[in-house]
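# Coordinate inspection notes
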Amino acid sequence: MKVAKGNYYLPPFLCHFLFTIILLALNPVLSIRFPDRIPEVPKDASNQPLQTAVFALGSFWRSEASFGCLNGIVRTTVGYAGGSKANPEYRNLGDHAECVQVEYDPRVIDFRQLLEVFWASHDSRQVFGQGPDVGNQYRSIIFTSGTEESRLAAVSKEREQSKSKSSIVTTQIQQFESFYPAEPEHQKFELKRNPFLLQLMGNLPEEELERSTLATKLNGYAAELCPSRIQKRIDAKINDIIKKGWPILREV
């Protein structure tokens, strides 16, 4: 994963926010207050029989954001899987791949729908990497738990291959064994590139940010990877908070 130096890009929504803040600062009547920290109110998870899925589809920064905005996604975590090295690290992965672990509510979204997002979010026919990210750690993998997930993965791969015979789908299907969470600086990476959104949440400490459902969604929003209707809904909530001058964003 490479971050371009010398060329800086601000997403349109961030430009809008910055412009709004400047206007508020220039107007003595209006003000916007940023709290030091507002802890996220934990939701009752007793009625949420969550399930977990793990996918490798290139850079885990973007992979995490690709799943974050979907209804039914409760939490995402980036990390390493698919190799034999014990306790891999970002600078010493061994034979592992960069992955995203998705915790989801199966009553809202199922494994088949997650597979659709997986195929739509990367080029499964690219060999030895994704886009400008070249290397074995960026390979495409579906990790499965149990016979049914293996069947669904195989069927979806066949369907993807049938779309074109001119190139081969390189995606591997592996039985899930171990997932190693990545270092804190890699978690919710897209969100952390947008301090304004972090402030709207109340500047959660790292451990809360990593577990936060709201942070999971805003990570996808910050990368502009939410479905259009969800992106617009979050836009409206944030604009409403800015108008009221009290930035407490608890849910979207």
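Residues numbered from 1 in each chain as written. Predicted model: local features only at pLDDT ≥ 70, side-chain atom pairs only at ≥ 80, totals over all residues. Heavy atoms only, no water.

- Where an unreviewed UniProt entry is consulted, the protein appears under the name peptide-methionine (S)-S-oxide reductase, with the organism given as Datura stramonium.
- Per UniProt, the protein carries the Sequence similarities (unreviewed entry) text "Belongs to the MsrA Met sulfoxide reductase family." (UniProt positions renumbered as here; feature names shortened; annotations may be inferred.)

## Things to note about the packing of aromatic side chains
- Counted by the stated rule, this structure contains 8 aromatic pairs.
- Centre to centre, the rings of Phe60 and Tyr80 are 5.8 Å apart; their planes meet at 40 degrees, and the pair counts as tilted. In this pair, Phe60 sits in helix H2 (residues 60–68) while Tyr80 sits in strand S2 (residues 73–81), placing the two residues 20 residues apart along the sequence. Each member of the pair, Phe60 as well as Tyr80, carries the same accessibility label: buried.
- A ring pair is formed by Phe60 and Tyr90, whose centres lie 6.1 Å apart and whose planes are at 20 degrees; its orientation type is stacked. (Phe/Tyr/Trp six-rings, centres within 6.5 Å; stacked < 30°, edge-to-face > 60°. Helix = DSSP H or I, 4+ residues; strand = E, 2+ residues; numbered from the N terminus. Buried < 20%, exposed > 50% of the residue type's maximum accessible area, 1.4 Å probe, protein only.)

## Remarks on helix H9 (residues 228–244)
- A rise of 1.5 Å per residue sets the reference length of H9, with its 17 residues, at 24 Å; its end C-alpha atoms lie 25 Å apart and thus fit the reference within 8%.
- All of the buried residues along H9 are Ile230, Gln231, Ile234, Ile238, Ile241 and Ile242. An end-on view of H9 places all buried positions within 110 degrees of arc, on one side of the element. Across H9 from its buried face, at more than 90 degrees, point the exposed residues Arg229, Lys232, Lys243 and Lys244.
- Just beyond H9, the residue with positive phi is Gly245, at close to 80 degrees. (Expected span 1.5 Å × (residues − 1). Arc of directions from axis to C-beta.)

## A look at the nonpolar core
- Judged by nonpolar contacts, the single largest core of 22 residues is most densely connected at Leu191, Met201, Leu218, Tyr221, Ile234, Ile238 and Leu249.
- Elements supplying a minimum of two residues to this core: helix H6 (195–201), helix H8 (213–222) and H9.
- Grouped together as the second largest cluster of nonpolar side chains are 20 residues, Phe118, Ile142, Leu152 and Ala153 included. (Core = buried A, V, L, I, M, F, W, Y, C linked by side-chain atoms within 4.5 Å.)

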